[in-house]
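# A closer look at the structure
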Amino acid sequence: MEGTERLRLAVQKTGRLSEKSLEIIAGCGISFGSDSRLLKEHARNFPLEFLFVRDDDIPAYVRDGVADIGIVGRNELDERCPDDLEIVRDLGFAQCRLSVAVPRDFPYGGLQWLAGKRIATSYPNILGRILEERGVTAKICYLSGSVEIAPAAGIADAICDLVSSGTTLLMNGLREVEPLYSSTAVMVSRQGFMSEASPRQVILERLLLRIDSVIRAKS
Ligand code: ATP
Ligand code: ZN
């Protein structure tokens with residue numbers, strides 16, 4: 001049965017997750033070509049098929065069954081479809097945090113300072129949930145990218161964006177004042193896939209055994 005089945009893995013085509021995602025798979029002893037122009041590719045010595053796509057689309061591909069599993073930042077998962085997907089492994093790389101940042105000279109006195117203010121972000125759902133939990137009502141302005149220019153452009157008082165080193169914020173005259181949420185790259189499947197006992201689920205079990213040794217060897 002398994003000979004004809006392949007587990008379909010969605011990975012980011014180009015970006016911060018691409019190289020390390022493929023490094024982990026290669027670390028599992030799985031070999032594949034490295035032609036980044038391809039959308040799809042088969043591994044040579046393991047029943048695995050890659051789909052190379054934008055990271056934003058990975059949660060929906062897995063939810064809709066276009067891919068069986070995907071490697072994506074926890075932030076994309078929590079923003080897009082947290083209830084439809086299941087984290088099967090935390091892969092630990094691509095560490096970053098979602099933080100509030102304000103113009104360098106602004107006095108900031110804690111989250112309550114944001115009440116009634118405009119906050120620009122690409123993560124309106126995560127930010128909305130956190131502000132609600134903490135009892136702060138602010139105006140969330142959605143921007144799909146270049147969020148850090150919003151205060152200088154006069155369209156927001158503060159931003160909430162992904163930060164790793166903080167250099168981008170500094171370069172834009174902003175100061176990180178409130179880390180709200182942490183993220184790493186995770187491997188996801190759709191809810192229930194792990195308990196289906198299907199041929200592809202069996203392949204995933206085999207892949208996870210290998211991934212666990214790769215993660216153990218790195219730590
Ligand atoms: P795509 O073209 O695939 O949509 P992108 O530009 O949206 O790519 P990247 O910037 O490559 O995405 O980021 C992918 C993921 O890397 C983020 O969702 C996040 O989980 C993680 N990441 C780690 N550090 C950072 C950072 N400093 N800024 C943004 N994302 C980061
Ligand atoms: Zn993206």
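Residues numbered from 1 in each chain as written. Chains lettered and ligands numbered in written order. Predicted model: local features only at pLDDT ≥ 70, side-chain atom pairs only at ≥ 80, totals over all residues. Heavy atoms only, no water.

### Here we look at helix 6 (residues 199–218)
- For helix 6, built from 20 residues, the straight-helix expectation of 28 Å at 1.5 Å per residue is met to within 8% by its first-to-last C-alpha distance of 29 Å.
- Turning to helix 6, its buried residues are Gln201, Ile203, Leu204, Leu207, Leu208, Ile211 and Val214. On an axial view of helix 6, the arc spanned by its buried residues comes to 140°, and they lie on one face. Away from its buried face, by an angle of more than 90 degrees, helix 6 presents the exposed residues Leu209, Arg216 and Ala217.
- Buried residues in helix 6 make contact with strand 1 (7–12), helix 1 (18–27), strand 3 (48–53), strand 4 (69–73), strand 5 (85–90) and strand 11 (185–190). (Helix = DSSP H or I, 4+ residues; strand = E, 2+ residues; numbered from the N terminus. Expected span 1.5 Å × (residues − 1). Buried < 20%, exposed > 50% of the residue type's maximum accessible area, 1.4 Å probe, protein only. Arc of directions from axis to C-beta. Contact = heavy atoms within 4.5 Å.)

### Here we look at the coordination of the zinc ion (ligand 2)
- Taken together, Asp55 (OD) and Asp56 (OD) make up the protein donors of the zinc ion (ligand 2), found 1.8 to 2.0 Å from the metal.
- Of note is the zinc ion (ligand 2), whose four donor atoms meet at the metal with angles of 75 to 170° in an arrangement that counts as irregular. (Donors = N, O, S within 2.8 Å, 3.2 Å for Na, K, Ca; no water. Tetrahedral: all angles 85-135°; square planar, octahedral: opposite > 155°, others 65-115°.)

### Describing the nonpolar core
- Formed by 28 residues in total, the largest nonpolar core has its most connected members in Leu9, Ile30, Leu48, Phe50, Met187 and Leu207.
- When contributions to this core are tallied by element, the ones reaching two or more residues are strand 1, helix 1, strand 3, strand 4, strand 11 and helix 6.
- The element contributing the most residues to this core is helix 6, with six residues.
- Counting residues in each nonpolar core, the second largest holds 19 residues, with Tyr108, Ile119, Val136 and Ala158 among its members. (Core = buried A, V, L, I, M, F, W, Y, C linked by side-chain atoms within 4.5 Å.)

### Focus: the site of ligand 1
- If you check the shell around ligand 1, you find 15 residues, and the closest are Arg16, Arg54, Asp56, Asn75 and Ser164.
- Within the contact set of ligand 1, an oxygen atom lies 2.8 Å away from a backbone nitrogen or oxygen of Arg16.
- The separation between a nitrogen atom of ligand 1 and a polar side-chain atom of Ser164 is 2.7 Å.
- Isolated, ligand 1 exposes 630 Å² of accessible area, and the fraction of that covered by the protein chains is 76%.
- More than half of the atoms of ligand 1 fall within 2 Å of the grid points belonging to the largest pocket.
- For the shell around ligand 1, the two domains that each supply at least three residues are domain 1 (2–94 + 184–218) and domain 2 (96–183). (Near = heavy atom within 4 Å. Polar contact = N/O pair within 3.5 Å; in protein donor to acceptor, adjacent residues only side chain to side chain. Areas by Shrake-Rupley, 256 points an atom, 1.4 Å probe, with all protein chains shown as cover. 1 Å grid on protein atoms, 1.4 Å probe; cavity = no way out; pocket = protein on both sides within 12 Å on 5 of 7 lines; lining within 4 Å. Sits in = over half its atoms within 2 Å of the grid points. Domains from an automatic or database assignment.)

### Points about the sheet that holds strand 6 (residues 96–103)
- Spatially, the five strands line up as an open sheet ordered 8-7-9-6-10, and their pairing is mixed. The open sheet has two edge strands with one neighbour each: strand 8 (139–142) and strand 10 (174–183). The sheet shows a mean angle of 30° between the axes of neighbouring strands, direction not considered.
- Examined bridge by bridge, strand 7 (residues 118–121) and strand 9 (residues 158–163) share three bridges and lie parallel to one another. Within strand 9, the position partnered with Thr121 by the bridge is Cys160.
- Running at roughly 170° to strand 8, helix 4 (residues 124–133) makes contact with strand 6, strand 7, strand 8, strand 9 and strand 10 of the sheet. (Pairing = 2+ DSSP bridges. Axes fitted to C-alpha atoms, helices over the stretch in contact; angles between N-to-C directions.)

### A short note on unusual backbone geometry
- In this structure, Ala94 is a non-glycine residue whose phi angle is positive, near 55°.
- Along the chain, Ala94 turns up in the loop between strand 5 and strand 6.
- Relative accessible area serves as the criterion here: at 29%, Ala94 is assigned to the partly exposed category.
- At Ala197, a position not held by glycine, the phi torsion is positive, near 50°.
- Locating Ala197 in the fold gives a position in the loop between strand 11 and helix 6.
- Overall, the relative accessible area of 61% leaves Ala197 in the exposed class.

### What about the side chain of Ser21?
- Tracing the sequence through the fold places Ser21 in helix 1.
- Residues contacting Ser21, with those up to four places away along its chain left out, are Val11, Ile71 and Phe93.

### Some remarks on the pattern of salt bridges
- Counting across every chain of the model gives 14 salt bridges.
- The shortest N-O distance in the salt bridge between Lys40 and Glu49 comes to 3.6 Å. (Salt bridge = Lys/Arg side-chain N within 4 Å of Asp/Glu carboxyl O.)

### Examining the domain arrangement of the protein
- When its domains are assigned, the protein resolves into domain 1 (2–94 + 184–218) and domain 2 (96–183).
- Computed from C-alpha atoms alone, the centre-to-centre distance between domain 1 and domain 2 is 30 Å.
- Counting residues at the interface gives nine residues for domain 1, matched by 12 residues for domain 2.
- Between domain 1 and domain 2 the total buried area reaches about 800 Å² when both faces are included, carbon and sulfur atoms providing 37% of it.
- Of all residues in domain 1, Asn75, Asp78 and Glu79 give up the largest surface area on contact with domain 2, accounting jointly for 67% of the area buried on that side.
- Here domain 1 and domain 2 share zero salt bridges between them. (Buried area = accessible area lost by both parts, 1.4 Å probe.)

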